[in-house]
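# Descriptive structure summary
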4 protein chains.
Amino acid sequence: MSSIYGENLKVSIFGQSHGPAIGMTLDGIPAGLPVDEEALQAFLARRAPGGSNLSTPRKEADRVEFLSGIVDGRTCGAPIAAMIANTNTRSGDYANLKDCPRPGHADYTAQVKYRGYQDSAGGGHFSGRLTAPLCIAGGLCKQWLAEKCVDVRAHIYALAGIHDRPFDPISPEMVPEGFPVLSEAAWASMQEHILAARSAGDSVGGVIECAVTGLPAGLGAPMFGGMESRLASILYAIPAVKGLEFGDGFALASMTGSRANDPFAMANGRVVTTTNHAGGILGGITDGMPLLFRLCVKPTPSIALPQQTVSLKTGEALTLNVKGRHDPCIVPRAVPVVEAAAALAVFDAFLD
Amino acid sequence: MSSIYGENLKVSIFGQSHGPAIGMTLDGIPAGLPVDEEALQAFLARRAPGGSNLSTPRKEADRVEFLSGIVDGRTCGAPIAAMIANTNTRSGDYANLKDCPRPGHADYTAQVKYRGYQDSAGGGHFSGRLTAPLCIAGGLCKQWLAEKCVDVRAHIYALAGIHDRPFDPISPEMVPEGFPVLSEAAWASMQEHILAARSAGDSVGGVIECAVTGLPAGLGAPMFGGMESRLASILYAIPAVKGLEFGDGFALASMTGSRANDPFAMANGRVVTTTNHAGGILGGITDGMPLLFRLCVKPTPSIALPQQTVSLKTGEALTLNVKGRHDPCIVPRAVPVVEAAAALAVFDAFLD
Amino acid sequence: MSSIYGENLKVSIFGQSHGPAIGMTLDGIPAGLPVDEEALQAFLARRAPGGSNLSTPRKEADRVEFLSGIVDGRTCGAPIAAMIANTNTRSGDYANLKDCPRPGHADYTAQVKYRGYQDSAGGGHFSGRLTAPLCIAGGLCKQWLAEKCVDVRAHIYALAGIHDRPFDPISPEMVPEGFPVLSEAAWASMQEHILAARSAGDSVGGVIECAVTGLPAGLGAPMFGGMESRLASILYAIPAVKGLEFGDGFALASMTGSRANDPFAMANGRVVTTTNHAGGILGGITDGMPLLFRLCVKPTPSIALPQQTVSLKTGEALTLNVKGRHDPCIVPRAVPVVEAAAALAVFDAFLD
Amino acid sequence: MSSIYGENLKVSIFGQSHGPAIGMTLDGIPAGLPVDEEALQAFLARRAPGGSNLSTPRKEADRVEFLSGIVDGRTCGAPIAAMIANTNTRSGDYANLKDCPRPGHADYTAQVKYRGYQDSAGGGHFSGRLTAPLCIAGGLCKQWLAEKCVDVRAHIYALAGIHDRPFDPISPEMVPEGFPVLSEAAWASMQEHILAARSAGDSVGGVIECAVTGLPAGLGAPMFGGMESRLASILYAIPAVKGLEFGDGFALASMTGSRANDPFAMANGRVVTTTNHAGGILGGITDGMPLLFRLCVKPTPSIALPQQTVSLKTGEALTLNVKGRHDPCIVPRAVPVVEAAAALAVFDAFLD
């Protein structure tokens, strides 16, 4: 199913950007796991819009309402359902998108697939807003992983060409509270580029790096059950993600085997590798080293600059000037989403 | 399941490198589709070992034997099952791998996951040899896609730093018969590097680029059903794949939205985009332009040079000298495997 | 997943009897299908409690609230989510059930499976109340089947030993509006037995017969995809169902083949069978005759009479006197639930 | 998928009655489980044809050949694949079935679904012969359940109206080695009826009862994951099964709740029920009592007596005289198949 993910747990995402509500159901979760709703709300706040002048002025409290599956602060074994009411919707902005598709958006492909019946307001089910329920499910998994001393952390690796300090592949450092980067200096410069893009009516993209630490060796499976496959299928479900690499990724293509192979050694009585070019995954299965990946986020397709499109009715060429409230850069808001998606895939693997 | 893929069709891969046979079952295929067994055998020959002095001397006829699902040259609606008998096995080479894991291989992670019960001969179920049954399933899908005028073609984009001519994103050219590249000059230079790696007892990796042409707009779905997710989950099942990007991929991270968005236009009465930075996919759904992706293949982990590992029994450090017959570079043989995996994902999407 | 059903569509049921809400998500539905919310509400009213003195006095409006998937009265291709708020809950009644399991209920098995973390109020996720969201999903499918001239109808075949007139297997008659039976006389007598059971502090069960008419030949598949398997797996998900038979069912066991086989003939230019012992299914695939099945519903386990149980804490024998509001007979309310489940399975098969 | 079953394990059945081979793949099985191939072969012998004058004269050794997944007599964690070569095929018998469908068979429905491309020889993928690979998968699960002290046993409950002694629902007795019944006297009389049916050119059906003993409480799940649903979806995949009931089944419909509820008590320090009307399942979850069910098998549709059918080409009425080698009664051969299917469903539940 297009909106259901997972091999052991099943997360199902529902909602449209401007519908009554967005939400998720999470099935297959063991009973008795603690749920910290406040911590979850704080996690969602990291992706919520209107947080700063860097993002869309659309304000959404994104208050999570649990409908089922949790009793006295613990999972009860029944499916968990949660919703977020959509409070601030302006469908008027989107009236003509069915006829004049926005470049870089799903307007045209949705029109073809759903034959005009799709909810085009705000991108409907394709909206980045649907990453909020993903953060509910993933935020819960992140809490449960923390109980196993597994930590999922991400940061902006690069934005508009500005690079943050990369993670140390053997012992990734913590990301400072309240920042989407390791280096505050890099963040300052990234912010300048975002604001410059906004004033130019344009947008910028970036690269996000994620590390999962504390994993035991042995998670995952060969073939289609490999950790790369399981992570990729959920990470590519995040709108605007167009590339993904594990460990040294594409750089491995120009290395020799003698350089790319991670030698085994013993440390504190356990097997480790002295380098981590493989990103903690061998044969699809975790090897006990930090699981590392990077993904690229294309620049927000919604820009104020005029763009060329066509009328799907008449076929005539049109110049499109997009109205509405948009992010000049979604990369900072995407950081917790990447953590959420990774947490879902990893927790699912724990349930194997 | 770790070895089952597909939303509409289900391909299940079985076998170990040195077991009695490897094979696949393919369920959910409509009845009446023609099967050209000779063409399939020729397709498999592209990945078969022993083809040249560039690859392992292990010789395998890789003769496909259909067990079910095909009657009088057409699918009958029942699951298709096919096997390839393993004829040339030398398990002796692998006796001690359970204790001394090879760097870059799944020996260690398999040992942890399967607690010593895994078939370690030749990598067992983790062996690149399991891409042969993937080529049976994918080769069939490639034939059925051809009936819909959909063509799946791949070439070596880069090998050991040598680049082939890239595909034109609007109209990718054909790959010359019998070559894994567009530029024969590039191929000559790539071969030199492979032979140099072999004589150095080392190995090299590369990047493969794939194009799927003739696709209609509207294939795929939002979220987890997106074409990127569906392609990624099968492409990452190919051993040694560590990176994947669609369209301009990671290069999009440093573009502006005004540059990255593909403008819509009309051509011959149909909607097209005048550029193809998105690689033919918007919102997870095909837009009718060529579907384009690149993936990186790490250098073959099996090398003749001595490597550091540990004894899982005693924990003592060991220097490993791998015996056995291996490829200094699997990239050329991986080209048809990438086509097969892509064909499976795309044909599965056609069955939505 | 335990609460997800379907091969093409996916219905996911959530909620607990006394939690904030119950509901469902329905994924994989084509875009553009009309939704008649009033007709759906009327369908749910057939199973709603408090309808008469025959059922529990617990009153629930069971007002369906759609959260997503429907725009301007039609499906938009995105997952459909709907909820029913629980308004009338009395958890106090259930405080001690974790220690003293009710005979015939899931109290004990849930306690073992969920280790005491289950929501025991009102049976939690095991409650018959969860058939309301099943009726939302199935009620929608029933509407969409009606568009294909496929009708799903059920009646009480037997209750406390009183039999209704059975369906004609070749042309099942309509069930009179507002009645769960074909024969009003039988209904009168059934009601007497229900009221007698209530005054005795006891309960009664029954048999429900369902017919699906207007089906084309060719729906379903061999093996696990057979219509019997697909119907059984959802029908047995209805609480209290303990038996299911298709066509002549168990009576076939004592027939000869010459009597049980349905001869083929032509009628109005199409292939028919002159009898319908097979209940419209041959080899798991519909043959174009009415699809017929009967299922048995055990008597409501909640009774006022004292019953023997044990303390799970101390192991001592206890006499249980169940408080709370219960149905002396759930069979009449189960009739629309059976129709809903059948509609889901059949509509799912249409999407093959 | 139509020929894939299981939530945790995945069994995939392939083959046609008169194709090169039939077989199965079994994915998701833990590594290290022992496999007794001789015991498995003996189990298959119980369903093999040609065993006596009671069944079809078609002789098949049904020699199981493992292709993968087993190393040194234990599972290695990779998918298990096994095949049985078809040795004794006579396709000539079936040439005209595509035009003249046999009553009670899938000939007509397969023709409609597969548009004439199905393999009609011997029923193709619909043949009862496909229960052999089911017995491979289920026979393995039966062995692994035995290691957990879980025993799966079935017997003929009734055949052509003759009843065997039923299982004691609290402590089902063993079935005597080499017999499909508990009472040898009943068996003698059943055999007479089978032979009488054969000489009359007719066939008979029956009822099979199955008990699974030694189960812990807590297996299964609510809703669609209930043991009844999971068992039903695989049991109804056995050709000719038309009815299924758990515990007292349909008899519960005319009981009162006070009689149908199984009182809880303590015995040897564990919770038991003093009766077992529920067949060991409450709320879809095992309660630790014997799991009991009965299913009915319709009489073999293949009979020698002339039958009415139609030509699908011309629509003219025809009298069919079926040639070929058939069973006057498949019930005895179906007994191990029922055990196999039950073992698969139960072992799958153990893997939850």
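Cut-offs applied
- Residues numbered from 1 in each chain as written.
- Chains lettered and ligands numbered in written order.
- Predicted model: local features only at pLDDT ≥ 70, side-chain atom pairs only at ≥ 80, totals over all residues.
- Heavy atoms only, no water.
- Helix = DSSP H or I, 4+ residues; strand = E, 2+ residues; numbered from the N terminus.
- Buried < 20%, exposed > 50% of the residue type's maximum accessible area, 1.4 Å probe, protein only.
- Pairing = 2+ DSSP bridges.
- Contact = heavy atoms within 4.5 Å.
- Axes fitted to C-alpha atoms, helices over the stretch in contact; angles between N-to-C directions.
- Expected span 1.5 Å × (residues − 1).
- Buried area = accessible area lost by both parts, 1.4 Å probe.
- Salt bridge = Lys/Arg side-chain N within 4 Å of Asp/Glu carboxyl O.
- Polar contact = N/O pair within 3.5 Å; in protein donor to acceptor, adjacent residues only side chain to side chain.

Another aspect to go through is unusual backbone geometry. Residues and elements named next belong to chain A. Positive phi, normally seen in glycine, also occurs at M223, with a value near 60 degrees. By the secondary structure assignment, M223 is in the loop between strand 11 (217-220) and helix 5 (227-235). Taking relative accessible area as the criterion, M223 reaches 13% and is therefore assigned buried.

Let's shift gears to the sheet that holds strand 16 (residues 285-287) of chain C. Residue and element names in this part refer to chain C. The sheet built from three strands is open, its strands ordered 11-16-15 with antiparallel pairing. The strands lining the two open edges of the sheet, one partner per strand, are strand 11 (217-220) and strand 15 (281-282). Judged from the two bridges that link them, strand 15 and strand 16 form a sheet pairing that is antiparallel. In the sheet register, L282 faces strand 16, and the bridge partner there is I285. Along the sheet, helix 5 (residues 227-235) makes contact with strand 11, strand 15 and strand 16, crossing strand 11 at roughly 45 degrees.

This next bit is on helix 4 (residues 184-199) of chain C. Residue and element names in this part refer to chain C. Look at helix 4: 23 Å from first C-alpha to last across 16 residues, which is about the 22 Å you get at 1.5 Å a residue. Residues of helix 4 that are buried sit in contact with strand 8 (151-159), strand 9 (162-163) and helix 7 (331-350). Backbone geometry just downstream of helix 4 places G201 in the positive-phi region, at approximately 70 degrees.

Moving on, we get to the arrangement of the chains. A gap remains between chain B and chain C, which never touch, and the nearest two C-alpha atoms on either side lie 8 Å apart. There is a clear gap between chain A and chain D: no contact, and 8 Å between their nearest C-alpha atoms.

Interfaces are often sized by the amount of accessible area the parts lose when they come together. Contacts between the two partners involve 92 residues from chain C, matched on the other side by 92 residues from chain D. Both sides of the chain C and chain D interface together cover about 6900 Å² of buried area, and 69% of this is carbon and sulfur. Contact with chain D buries surface across chain C, with C:F224, C:K242 and C:F264 losing the most and accounting together for 12% of the total. Counting the contacts that link chain C with chain D gives two salt bridges. A salt bridge links D:K242 to C:E228; its shortest N-O distance comes to 2.9 Å. Here chain C is connected to chain D by 33 residue pairs in polar contact (both at pLDDT 80 or more).

A few words now on the pairing of strand 10 (residues 206-213) of chain D. Consecutive residues of a regular strand have side chains that alternate between opposite faces of the sheet. Residues and elements named next belong to chain D. Where burial is concerned, most of strand 10 is hidden: eight out of the eight residues are buried. Inspection of the sheet shows strand 8 (residues 151-159) paired to strand 10 by eight bridges, in the antiparallel sense. Pairing of I156 across the sheet is with I208, part of strand 10. Strand direction decides the pairing type here: strand 10 and strand 17 (residues 291-297), joined by seven bridges, are antiparallel. Note on strand 17: the bridge partner recorded for V207 is C296.

Nothing here speaks to function; it is geometry throughout.
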